[in-house]
Every structure is written in structure tokens, then in C-alpha cells.
Amino acid sequence: MHVTSEQRLDDGVRERAFTLGDIPGFLWTPASASAPVPLILLGHPTLGLARMYPRLAARARHCAAQGFATATVELPGCGDRPRWPAMEQARAELRRTLQAGEPVGDELVDALILPLVDKAVPEWQTALDTFLALPEVGGPVGYSGGVISIGIRLAAVDPRIAAAGLFAGSYVPRAMFEEARKVTIPLYVLLQWDDEGNDRQAALDLFDAFGSTEKTLEANMGGHTGVPQFAGEAAAQFFTRHLK
């Protein structure tokens with residue numbers, strides 16, 4: 001991990017920008033940590049770290065106040081990473097489909113999500129190897145937010161992920177429902193009932209498919225960006241229960 005910049009935020013949280021090869025990311029650690037602390041991986045949508053930074057930093061600072069380290073990495077084909085022609089084509093087709101008022105079909109969802117999951121999850125796992133080798137970071141590890149299919153795959157294949165908080169706000173390929181059955185860790189899933197870009201019934205079906213014996217679905221009225229503050233606080237309590 002090559003640290004490219006470091007600063008102390010005004011609440012003392014240590015923020016390090018880094019690269020892992022050609023993959024940029026951020027690591028945040030609590031100011032008061034005197035021993036290795038649990039880690040939460042912060043997922044995010046495919047908008048690029050620069051655009052998502054204010055929201056990610058706010059989440060990181062909130063987690064630090066609860067005694068967690070947090071980290072994130074740029075997704076393939078996003079931000080300053082090299083363009084990914086197949087992904088660019090799929091995104092362009094999605095924009096065309098939505099503008100035309102047409103339904104988003106399974107083939108387009110697969111093209112948008114499955115290659116991203118296949119490429120992103122191994123990168124998250126490599127990054128996790130690096131984070132857990134640092135003396136100030138320990139287990140257990142949680143995954144929070146982001147593209148829900150990435151969270152599903154990561155929770156299904158990496159035993160280091162002990163709990164996951166997922167946001168039902170992105171397209172989910174049919175194939176991911178089978179992978180969801182393999183997920184057995186504690187889950188906390190947020191669903192915005194009126195999310196304009198999310199298939200509500202598919203989100204409910206996905207929740208039902210998860211193999212976890214401990215899983216919570218919190219549904220609130222409102223659109224994609226209308227998650228109430230208390231829902232985020234409940235998610236924080238979820239991670240405190242399962243990672244501390």
C-alpha cells in the first residue's frame with residue numbers, strides 16, 4: 001500500500017489516501033485507537049471516489065466515533081481508473097433505455113453488474129489482505145453499502161466478512177439470487193420503499209433468498225437518497241453488536 005497523502009480530520013480521525021497498484025483508495029482510523037480495531041469496508045456506487053468522497057468521509061468519521069476503522073477502494077472502470085469499454089457501453093444502453101421509458105431487461109442488468117462483480121470482488125479481497133496486515137487494524141470485518149451484488153459475492157466467498165449492511169438500491173442479476181442463498185452471516189438491509197431506480201419486489205425476493213438466520217430488513221418511505229438518519233444509526237448499532 002503506497003500512501004499518497006495523509007491528514008488528520010478536525011475530529012482527529014487519521015485519513016490516508018493510498019494506491020494498491022493502480023487502484024486508489026482511502027483508509028480512516030480512529031484518533032483514540034490504542035489497540036487493533038475492527039474494520040468496516042465502505043462500499044459505494046459507480047460514481048467515482050472523488051464524487052463520493054464527502055459521503056464516504058462522513059460515514060468513516062461516524063464509524064470512527066464508534067471505534068471502527070474504515071476503508072474503501074475505487075471500483076473498476078470508475079473515477080481515474082482506465083475506462084472499461086464494455087461497461088461504458090452497458091451504461092450508455094441503460095441511459096438510453098431509461099430515457100425511452102423502456103423496462104431494464106435481464107440481459108442489460110447482467111451486462112452492467114456481473115462483470116463488475118467478477119472484477120471488483122477479488123480487488124476488495126486483495127485490499128483486505130493489505131488492511132489486515134496493518135498493526136492498527138484487526139478483525140472482525142464488516143461490509144457496508146455500495147453495489148449490493150458486490151456485497152453479496154464478497155459475503156458469500158470471503159469468510160473474513162463477519163456481518164454486512166446492504167442497501168437495496170441497485171440492479172441485481174438473477175444469478176445473484178443463488179449466491180444470496182450461500183450468505184449466512186448476519187445482515188442488515190435498508191430498502192427505500194419508493195426508490196425510483198429499484199425493483200421493490202425484487203428487493204424483497206432477494207432478502208427472502210439470503211441464507212442468513214439473522215437478517216433484518218428496514219424499509220422506509222421515500223426515494224433513493226431519502227434514507228432517514230435513524231436508519232443509519234440503526235445500521236451502526238448493528239455493526240457494534242456483531243463486530244465488537
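Before any of the text, the structure's been laid out above.
All of these numbers come straight from a predicted model, not from anything done at the bench.

Draft legend 1. Representation of the packing of aromatic side chains in the model. Under the criterion given, the structure shown has six aromatic pairs. When the centroid spacing of 5.7 Å and the interplanar angle of 35° are considered together, the rings of Tyr188 and Phe238 count as tilted. Remark: Phe238 occurs in helix H7 (residues 229-243) and Tyr188 occurs in strand S8 (residues 187-192); sequence separation between them is 50 residues. For Tyr188, a relative accessible area of 6% translates into the label buried. Both rings, one in Phe238 and one in Phe239, keep their centres 5.2 Å apart while their planes meet at 70°; by these two values the pair is edge-to-face.

Draft legend 2. The sheet that holds strand S2 (residues 14-20), seen in detail. Pairing in this open sheet of nine strands is mixed, and the strands run S1-S2-S3-S5-S4-S6-S7-S8-S9 from one edge to the other. In this open sheet, the two edge strands, each paired with only one partner strand, are strand S1 (2-8) and strand S9 (215-220). Within the sheet, the average angular offset between the axes of one strand and its neighbour, ignoring direction, is 20°. Each of strand S4 (37-43), strand S6 (137-145), strand S7 (161-167), S8 and S9 touches H7; the most contacted strand, S7, lies at about 170° to it.

Draft legend 3. Region of the structure containing the pairing of S8. Counted residue by residue, S8 has six buried out of six residues, so it is predominantly covered. Of the two faces of S8, the one carrying Leu187, Val189 and Leu191 and the one carrying Tyr188, Leu190 and Gln192 are both buried. Looking at chain direction, S7 and S8 are connected through four bridges and run parallel. From the neighbouring strand, Leu166 faces S8, where its bridge partner is Val189. As a crossover connection, the stretch from S7 through helix H5 (residues 175-180) into S8 is right-handed. As a crossover connection, the stretch from S8 through helix H6 (residues 200-209) into S9 is right-handed.

Draft legend 4. Representation of the nonpolar core within the structure. Of all hydrophobic cores here, the largest spans 55 residues; its most connected members are Leu39, Leu41, Trp124, Tyr143, Ile150 and Phe210. The element best represented in this core is helix H3 (residues 106-132), accounting for 12 residues. Contacts of Leu39, omitting those with residues within four sequence positions, involve Ala69, Thr70, Ala71, Leu128, Phe131, Val137, Gly138, Pro140, Val141, Gly142 and Leu243. Judged by nonpolar contacts, the second largest core, of 24 residues, contains Trp28, Ala64, Ala163 and Leu190.

Draft legend 5. Layout of the environment of His62. Relative to the elements of secondary structure, His62 occurs in helix H1 (residues 49-65). His62 gets classed as partly exposed once you look at its relative accessible area, which sits at 37%.

Criteria and cut-off values
Residues numbered from 1 in each chain as written. Predicted model: local features only at pLDDT ≥ 70, side-chain atom pairs only at ≥ 80, totals over all residues. Heavy atoms only, no water. Phe/Tyr/Trp six-rings, centres within 6.5 Å; stacked < 30°, edge-to-face > 60°. Helix = DSSP H or I, 4+ residues; strand = E, 2+ residues; numbered from the N terminus. Buried < 20%, exposed > 50% of the residue type's maximum accessible area, 1.4 Å probe, protein only. Pairing = 2+ DSSP bridges. Axes fitted to C-alpha atoms, helices over the stretch in contact; angles between N-to-C directions. Contact = heavy atoms within 4.5 Å. Right-handed = clockwise from strand over helix to strand, strands pointing away. Core = buried A, V, L, I, M, F, W, Y, C linked by side-chain atoms within 4.5 Å.

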